Structure formats: structure tokens, C-alpha cells
Amino acid sequence: MKTYNYLISSLFIFLLTIQYSFANNTEDALSHYGKAHELIEKGQLKEAAEYLYKAVELKPDFYYDAYFSLYNVVKELNKNEEAETIDREISKLKSFDERFAYHALGVMLFGAKNYAGAVKEFKEALKVYTLEKVPFLYALIQNDLGMAYLYLSESGNKEDNLKLAMEAFNEALKVFTFKESPNVYAGIKNNLSKAYWSLSEVKDKENNISQAIEHYKGFLERFPKDPNARTIMGYL
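Residues numbered from 1 in each chain as written. Predicted model: local features only at pLDDT ≥ 70, side-chain atom pairs only at ≥ 80, totals over all residues. Heavy atoms only, no water.

1. Brief notes about the packing of aromatic side chains
- Throughout the structure, instances matching the rule amount to 4 aromatic pairs.
- With 5.6 Å between their ring centres and 75° between their planes, F178 and Y185 make a pair best called edge-to-face.
- A relative accessible area of 15% means that Y185 is categorised as buried.
- Grouped by ring-pair contacts, the aromatic residues F110, Y115 and Y151 constitute a single cluster.
- Its guanidinium or amino end placed over the ring of Y51, K54 lies 4.8 Å from that ring's centre, counting from NZ or CZ. (Phe/Tyr/Trp six-rings, centres within 6.5 Å; stacked < 30°, edge-to-face > 60°. Buried < 20%, exposed > 50% of the residue type's maximum accessible area, 1.4 Å probe, protein only. Lys NZ or Arg CZ within 6 Å of the ring centre and 35° of its normal.)

2. Considering helix 9 (residues 158-172)
- Taking 1.5 Å per residue, 15 residues should reach 21 Å; helix 9 reaches 21 Å between its end C-alpha atoms and fits that length.
- Among all positions of helix 9, only N161, L162, A165, M166, A168, F169 and A172 are buried. Down the axis of helix 9, the sector holding all buried residues measures 165°, keeping them to one side. Exposed side chains of helix 9 directed beyond 90 degrees from the buried face belong to D160 and E167.
- For helix 9, the secondary structure elements touched by its buried residues are helix 8 (135-152) and helix 10 (182-200). (Helix = DSSP H or I, 4+ residues; strand = E, 2+ residues; numbered from the N terminus. Expected span 1.5 Å × (residues − 1). Arc of directions from axis to C-beta. Contact = heavy atoms within 4.5 Å.)

3. Description of the packing of helix 8 against helix 9
- Running from N to C, helix 8 and helix 9 cross one another at 160°; their axes reach a closest spacing of 8 Å. The angle between helix 8 and helix 9 falls in the class roughly antiparallel. Between helix 8 and helix 9 lies a crossing whose hand is left-handed. Note on element contacts: helix 9 touches helix 8 through N161, L162, L164, A165, A168, F169, E171 and A172, opposite Y138, A139, Q142, N143, L145, G146, M147, Y149, L150 and L152.
- Across the contact of helix 8 with helix 9, the residue classes tally to 13 nonpolar, 4 polar and 1 charged. (Axes fitted to C-alpha atoms, helices over the stretch in contact; angles between N-to-C directions. Parallel < 35°, antiparallel > 145°, perpendicular 65-115°, else oblique. Left-handed = near helix turned anticlockwise from the far one by under 90°. Nonpolar A, V, L, I, M, F, W, Y, C, P; charged D, E, K, R; others polar.)

4. Structural notes on unusual backbone geometry
- One non-glycine residue, N78, adopts positive backbone phi at about 65°.
- As for its position among the elements, N78 is in the loop between helix 4 (63-76) and helix 5 (80-96).
- A relative accessible area of 61% places N78 in the exposed class.
- Located in the positive-phi region is N157, a residue other than glycine, with phi close to 45°.
- When you line up the elements, N157 lands in the loop between helix 8 and helix 9.
- The exposure class of N157 is exposed, given its relative accessible area of 60%.

5. Some thoughts on the environment of D144
- Inspection of the secondary structure assignment puts D144 in helix 8.
- Between the C-alpha atom of D144 and that of A118, which follows or precedes it by 26 residues, the distance is 8.8 Å.

6. Description of the pattern of salt bridges
- Summed over the entire model, instances satisfying the criterion amount to 6 salt bridges.
- In this structure, E159 engages K203 in a salt bridge whose closest nitrogen and oxygen atoms are separated by 3.2 Å. In this pair, E159 sits in helix 9 while K203 sits in the loop between helix 10 and helix 11 (205-222), placing the two residues 44 residues apart along the sequence.
- Under the relative-accessibility criterion, E159 is labelled partly exposed at 24%.
- In this structure K203 comes out as partly exposed when scored by relative accessible area, which is 31%.
- One salt bridge in this structure joins K174 and E171, with 2.6 Å as the shortest N-O distance. (Salt bridge = Lys/Arg side-chain N within 4 Å of Asp/Glu carboxyl O.)

Written out as C-alpha cells, the structure reads:
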């Protein structure tokens, strides 16, 4: 159970189905943003760039993150001149208010497998994106923070890092409920299942495996026909 499927990019795919109440431009931008990351997963970068451009035009709450994703896609397409233009825009945004850079930098460090660095940046982002002010972004970053701790647990302080991962995932579930956001909820429950399974290797094996099963059932509540379900439940 060390292959963590619901990473940051996977959560982006789920964003298309979120039924949370945002301003109209944020909802539209979120849809474009989610579609873009779905296309990225399929390797359709040119089409993804088009959706990311649509997202940044609406200037949503996650404006910096959207621009950062656009830069990565355009760079991958070897459109260097266009990438430089986007990079300059990112620099302007960062100089205008560096708070917007924290989450994007955390994502970048996560991708570079610098999980300790990612944790630091996600924590900084959470000082800005609070549950009261921006619940959706707060929950999204909490899930990302949980994933960083989950991976960090593989290199040391396993028990402590796994417990911190669980705390972060549970914070995310304060916003991503089954009723409002069933797909995202399922992904986070799957992450919790993996965290408890890993913790069972350190202490309280029977209890933590039981917890892993319960959280995985939360995933199956949304995806009862998941092709891996029988194998995973048997493994648990």
C-alpha cells in the first residue's frame, strides 16, 4: 500500500465535479482548470493550455496557481517565447503579493520530491487561505499538505508524519463532504486509508488496519465498482 494514487494532480481532476458555492467566475475558472489537468493527465498539452488560458482570464482566487500550471504546460510544449511571457507575468504576481506563490511553490517542490520543503510552503499558504476566508482553497492545500507528510513518512519519523498527514486530510474533509464533493471526498478517504495502513506497520496493527478498511469503504461509497476494490480489500 505504498503507491499513493490520489496525488495533487489527481485531486485537480476531481475538481470538475465539485458542487461548492463560489462566485461565478471562480466556478467557471475551476471548471476550466480541472479540465486542463484532466487533459494533462492524458498528455493533451495543447488542449490543456487552451483551458488554462480561459481560467487565468477569469482571474480566480487561485490565479497564481493557474498561471503556474500554464507556464509548465507551455514550457513542455517548447514554446519558449510564450513561456517567458508567462514567467514575467508570474514574477509580477509574486512581486505584487508573494502570498500567492506559496501553494504553487509547494506543488513544485512536491513534484521535485522535496517533501519537507513542500510542507513548509503549504503551511505558509494556509496562513493566507484560511477555512473561514477561502474554505475551498484551504481544504485543497490541506489535502496537498497531507500528501506531502504521507510521502515524507517514508524517509523518517514515520509515526509522527503519518499522524500529521491524517490531521491534514481530516481538515480537508471539513469542506469536501460526500454530499457537496463526492469525488474529492472519496479521494481523501482513500488517502486516509493509505495513511492508516502505513501506520499499522509501526503500531497498533489491528486497530489501524481496521481504520484503513473503514476509510477505504468511504472511497467505495462513491466508487463501488472500482476494479481494484476486491484486491485491495483482500490485501487489507
